[in-house]
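Now for the letters of each chain:
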Amino acid sequence: MYGMDVEAESGDPYFSTYLEAVYVKQWELWSAGATLGITTHKGIYADKPAVVHTEFNVKRKFALKNVSIPVFAKTIYNPYADKLYLLGGVAFQLSHRWN
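One structure accompanies this document, and this report is about it. (Residues numbered from 1 in each chain as written. Predicted model: local features only at pLDDT ≥ 70, side-chain atom pairs only at ≥ 80, totals over all residues. Heavy atoms only, no water.)

## Quick notes on the packing of aromatic side chains
Here comes step 1: Tallied over the entire structure, the rule returns one aromatic pair.
Here comes step 2: A centroid spacing of 5.5 Å and a plane angle of 40 degrees characterise the contact between Tyr18 and Tyr45, whose relative ring orientation is tilted. Taken as a pair, Tyr18 in strand 1 (residues 18–26) and Tyr45 in the loop between strand 2 (30–39) and strand 3 (50–64) lie far apart in primary sequence, 27 residues in all.
Here comes step 3: With relative accessibility at 29%, the residue Tyr18 sits in the partly exposed group.
Here comes step 4: On the basis of relative accessibility, which here comes to 32%, the residue Tyr45 falls in the partly exposed class.
Here comes step 5: The residue whose ring lies beneath Arg60 is Phe62, and the NZ or CZ to ring-centre distance is 4.4 Å. (Phe/Tyr/Trp six-rings, centres within 6.5 Å; stacked < 30°, edge-to-face > 60°. Helix = DSSP H or I, 4+ residues; strand = E, 2+ residues; numbered from the N terminus. Buried < 20%, exposed > 50% of the residue type's maximum accessible area, 1.4 Å probe, protein only. Lys NZ or Arg CZ within 6 Å of the ring centre and 35° of its normal.)

And the structure:
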(Lines give C-alpha, C1' and ligand atoms only; values in the text may rest on other atoms or scores of the structure.)
Protein backbone atom coordinates (compact mmCIF):
# COMPACT_ATOMS: atom_id res chain seq x y z
CA MET A 1 0.00 0.00 0.00
CA TYR A 2 2.93 2.34 0.38
CA GLY A 3 2.54 5.10 -2.19
CA MET A 4 -1.04 4.11 -3.10
CA ASP A 5 -2.67 6.20 -0.38
CA VAL A 6 -2.89 9.47 -2.33
CA GLU A 7 -5.70 11.44 -3.93
CA ALA A 8 -5.47 10.83 -7.67
CA GLU A 9 -6.01 14.41 -8.86
CA SER A 10 -4.12 16.46 -6.27
CA GLY A 11 -1.54 13.90 -5.14
CA ASP A 12 -2.29 14.78 -1.50
CA PRO A 13 -2.02 11.89 0.98
CA TYR A 14 -5.27 10.48 2.38
CA PHE A 15 -3.74 9.29 5.68
CA SER A 16 -6.18 6.37 5.53
CA THR A 17 -7.13 4.89 8.87
CA TYR A 18 -8.33 1.34 9.53
CA LEU A 19 -9.52 0.23 12.98
CA GLU A 20 -10.31 -3.37 13.86
CA ALA A 21 -12.01 -4.99 16.87
CA VAL A 22 -11.59 -8.74 17.40
CA TYR A 23 -13.31 -11.12 19.82
CA VAL A 24 -12.15 -14.73 20.25
CA LYS A 25 -13.63 -17.46 22.44
CA GLN A 26 -11.41 -20.48 23.07
CA TRP A 27 -12.15 -23.97 24.29
CA GLU A 28 -9.79 -26.92 24.59
CA LEU A 29 -9.72 -27.90 20.89
CA TRP A 30 -12.00 -25.27 19.33
CA SER A 31 -11.99 -21.51 18.96
CA ALA A 32 -14.46 -19.11 17.37
CA GLY A 33 -14.10 -15.44 16.64
CA ALA A 34 -15.64 -12.33 15.17
CA THR A 35 -13.96 -9.27 13.66
CA LEU A 36 -15.25 -5.83 12.71
CA GLY A 37 -13.10 -3.41 10.70
CA ILE A 38 -13.93 0.22 9.92
CA THR A 39 -12.37 3.17 8.17
CA THR A 40 -12.87 6.58 9.76
CA HIS A 41 -12.84 8.82 6.68
CA LYS A 42 -12.38 8.93 2.91
CA GLY A 43 -9.22 7.13 1.89
CA ILE A 44 -7.87 4.02 0.23
CA TYR A 45 -10.46 1.74 1.90
CA ALA A 46 -13.66 3.67 1.05
CA ASP A 47 -14.96 7.03 -0.18
CA LYS A 48 -16.48 7.79 3.23
CA PRO A 49 -16.47 6.44 6.80
CA ALA A 50 -17.64 2.84 6.50
CA VAL A 51 -17.59 -0.71 7.79
CA VAL A 52 -15.20 -2.46 5.40
CA HIS A 53 -14.59 -5.83 7.09
CA THR A 54 -16.75 -8.29 9.01
CA GLU A 55 -15.53 -11.80 9.75
CA PHE A 56 -16.68 -14.93 11.56
CA ASN A 57 -14.27 -17.82 11.98
CA VAL A 58 -13.89 -21.21 13.62
CA LYS A 59 -10.77 -23.27 14.22
CA ARG A 60 -10.28 -26.86 15.38
CA LYS A 61 -6.99 -28.40 16.48
CA PHE A 62 -6.18 -32.00 15.64
CA ALA A 63 -3.10 -33.82 16.92
CA LEU A 64 -1.16 -36.72 15.49
CA LYS A 65 1.84 -37.70 17.65
CA ASN A 66 4.08 -34.60 17.67
CA VAL A 67 2.22 -32.82 14.85
CA SER A 68 -0.55 -30.30 15.51
CA ILE A 69 -2.97 -29.82 12.60
CA PRO A 70 -5.20 -26.75 12.98
CA VAL A 71 -8.10 -26.54 10.50
CA PHE A 72 -10.02 -23.28 10.05
CA ALA A 73 -12.96 -21.78 8.18
CA LYS A 74 -13.76 -18.08 7.76
CA THR A 75 -16.64 -16.09 6.33
CA ILE A 76 -15.49 -12.58 5.42
CA TYR A 77 -17.83 -9.86 4.18
CA ASN A 78 -17.05 -6.30 3.12
CA PRO A 79 -20.38 -4.44 3.35
CA TYR A 80 -19.01 -1.32 1.67
CA ALA A 81 -17.86 -3.22 -1.44
CA ASP A 82 -20.65 -5.84 -1.08
CA LYS A 83 -18.14 -8.71 -1.44
CA LEU A 84 -18.26 -12.07 0.34
CA TYR A 85 -15.33 -14.44 0.79
CA LEU A 86 -15.35 -18.00 2.12
CA LEU A 87 -11.94 -19.20 3.22
CA GLY A 88 -10.73 -22.48 4.65
CA GLY A 89 -7.34 -23.90 5.40
CA VAL A 90 -5.12 -26.31 7.20
CA ALA A 91 -1.64 -25.96 8.69
CA PHE A 92 0.96 -28.34 10.05
CA GLN A 93 2.89 -27.47 13.20
CA LEU A 94 5.73 -29.68 14.37
CA SER A 95 6.62 -29.57 18.03
CA HIS A 96 10.30 -30.27 18.45
CA ARG A 97 12.82 -29.11 21.00
CA TRP A 98 16.22 -28.10 19.71
CA ASN A 99 18.82 -28.70 22.42
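Next comes the rest of the description.
## Here we look at the side chain of Glu55
Here comes step 1: One can find Glu55 in strand 3.
Here comes step 2: A polar contact is formed between the side chain of Glu55 and the side chain of His53, at a distance of 3.1 Å.
Here comes step 3: For Glu55, the contacting residues outside a window of four places in its chain are Gly33, Ala34, Thr35, Lys74, Thr75 and Ile76. (Polar contact = N/O pair within 3.5 Å; in protein donor to acceptor, adjacent residues only side chain to side chain. Contact = heavy atoms within 4.5 Å.)

## Quick look at the side chain of Asn57
Here comes step 1: By the secondary structure assignment, Asn57 is in strand 3.
Here comes step 2: When its relative accessible area of 18% is taken as the criterion, Asn57 is described as buried.
Here comes step 3: In terms of polar contacts, Asn57 uses its side chain to reach the side chain of Glu55, at 3.1 Å.
Here comes step 4: If sequence neighbours within four positions are ignored, Asn57 has contacts with Ser31, Ala32, Gly33, Ala73 and Lys74.

## Notes on unusual backbone geometry
Here comes step 1: In the Ramachandran plot, Asp82 falls in the positive-phi region, its phi being about 55 degrees despite a non-glycine side chain.
Here comes step 2: Inspection of the secondary structure assignment puts Asp82 in the loop between strand 4 (67–78) and strand 5 (83–90).

## A look at the environment of Ala91
Here comes step 1: Looking at the secondary structure, you find Ala91 in the loop between strand 5 and strand 6 (93–94).
Here comes step 2: In this structure the C-alpha to C-alpha distance between Ala91 and Lys48, which are 43 residues apart in sequence, comes to 37 Å.

## Some thoughts on the pairing of strand 3
Here comes step 1: Relative to strand 3, strand 2 runs antiparallel, the two sharing ten bridges. Of the residues in strand 3, the one forming a bridge with Ser31 is Lys59.
Here comes step 2: Here eleven bridges tie strand 3 to strand 4, and the two strands are oriented antiparallel to one another. Among the inter-strand pairings, Asn57 is bridged to a residue of strand 4, identified as Lys74.
Here comes step 3: Once strand 3 ends, the chain turns through two residues before running back antiparallel as strand 4, passing Lys65 with a positive phi of about 55 degrees. (Pairing = 2+ DSSP bridges.)

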